[in-house]
Amino acid sequence: MSAHTKSAQVITKEWQAAVCGDDVLGEVRVSRANNERIDVVDLQNNTAYELKVSGKNTHHEFYKDLIKVLTYNEYQVAGQRLTKLVFISEETGIRSLIGRLDEMFLKMLESKHRLSIELVAI
């Protein structure tokens, strides 16, 4: 494991420790069928938060995280579906991602999956 990967993991763990509490959970399993996890889930606001420390390949991580949220929602037959994904990364990565996202795709996520996206630069 590279030093950068270890550093990113430490930052994510520290962030989770700072924000998690009663209705805000860290490392939430997407399903019993796999070991994928969402960084932070706010159950009161039905919001998933994903942190990508590095701005490199932000679009790959974003789409992976989006699939995790959509899959999580499919398993919530009687449960609480997530209605928002907040994706957090370095400003350069967020700018690049904004340039790549298709407006029709975002509208489809809202209309068919009732999922909105928020991109946050750090």
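Please refer to the structure higher up on the page.
Definitions and limits used
- Residues numbered from 1 in each chain as written.
- Predicted model: local features only at pLDDT ≥ 70, side-chain atom pairs only at ≥ 80, totals over all residues.
- Heavy atoms only, no water.
- Helix = DSSP H or I, 4+ residues; strand = E, 2+ residues; numbered from the N terminus.
- Contact = heavy atoms within 4.5 Å.
- Buried < 20%, exposed > 50% of the residue type's maximum accessible area, 1.4 Å probe, protein only.
- Arc of directions from axis to C-beta.
- Salt bridge = Lys/Arg side-chain N within 4 Å of Asp/Glu carboxyl O.
- 1 Å grid on protein atoms, 1.4 Å probe; cavity = no way out; pocket = protein on both sides within 12 Å on 5 of 7 lines; lining within 4 Å.
- Points joined across faces, edges and corners; volume = space filled by probe spheres on them.
- Nonpolar A, V, L, I, M, F, W, Y, C, P; charged D, E, K, R; others polar.

(A) Examining the environment of V24 more closely. Tracing the backbone through its elements, the reader meets V24 in strand β1 (residues 24-29). Between the alpha carbons of V24 and V40 there is a distance of 6.8 Å; along the sequence they are 16 residues apart. In this structure, V24 is in contact with V19, V40, V41 and D42, ignoring residues within four places of it in sequence.

(B) How the structure looks around unusual backbone geometry. The backbone of N46 shows a phi angle near 55°, a positive value even though the residue is not glycine. As for its position among the elements, N46 is in the loop between β2 (37-42) and β3 (47-52). Residue N57 is not a glycine yet carries a positive backbone phi of 50°. Residue N57 is classed as partly exposed on the basis of its relative accessible area, which comes to 48%.

(C) How the structure looks around helix α3 (residues 91-100). Along α3, the residues that are buried comprise G93, I94 and L97. Each buried residue of α3 lies within a common arc of 95° when the element is viewed along its axis, so the set occupies one face. Opposite the packed face of α3, turned more than 90 degrees from it, sit the exposed residues R95, I98 and G99. On its buried side, α3 packs onto α2 (58-74), β4 (84-89) and β5 (116-121).

(D) Seen up close, the pattern of salt bridges. Summed over the entire model, instances satisfying the criterion amount to five salt bridges. One salt bridge in this structure joins K64 and E61, with 3.5 Å as the shortest N-O distance. Taken together, the positions of K64 and E61, both in helix α2 and three residues apart, correspond to about one turn of that helix. Using a relative accessible area of 41% as the deciding quantity, one classes K64 as partly exposed. For K84, the salt bridge is made with E118, and the minimal N-O distance between the two is 2.8 Å. One end of the pair, K84, is in strand β4; the other, E118, is in strand β5, and 34 residues separate them in sequence.

(E) Inspection of the layout of surface pockets at higher detail. By volume, the largest pocket amounts to about 510 Å³. As for the largest pocket, its lining consists of 21 residues, of which Q9, T12, D39, L51 and E61 are closest to the centre. When residues of the lining of the largest pocket are traced back to their parent elements, those giving at least two are α1 (3-19), β2, β3 and α2. Looking at the lining of the largest pocket, the element that brings in the most residues is α1, giving seven residues. Of the residues contributing to the lining of the largest pocket, the split by class is three nonpolar, seven polar and 11 charged.

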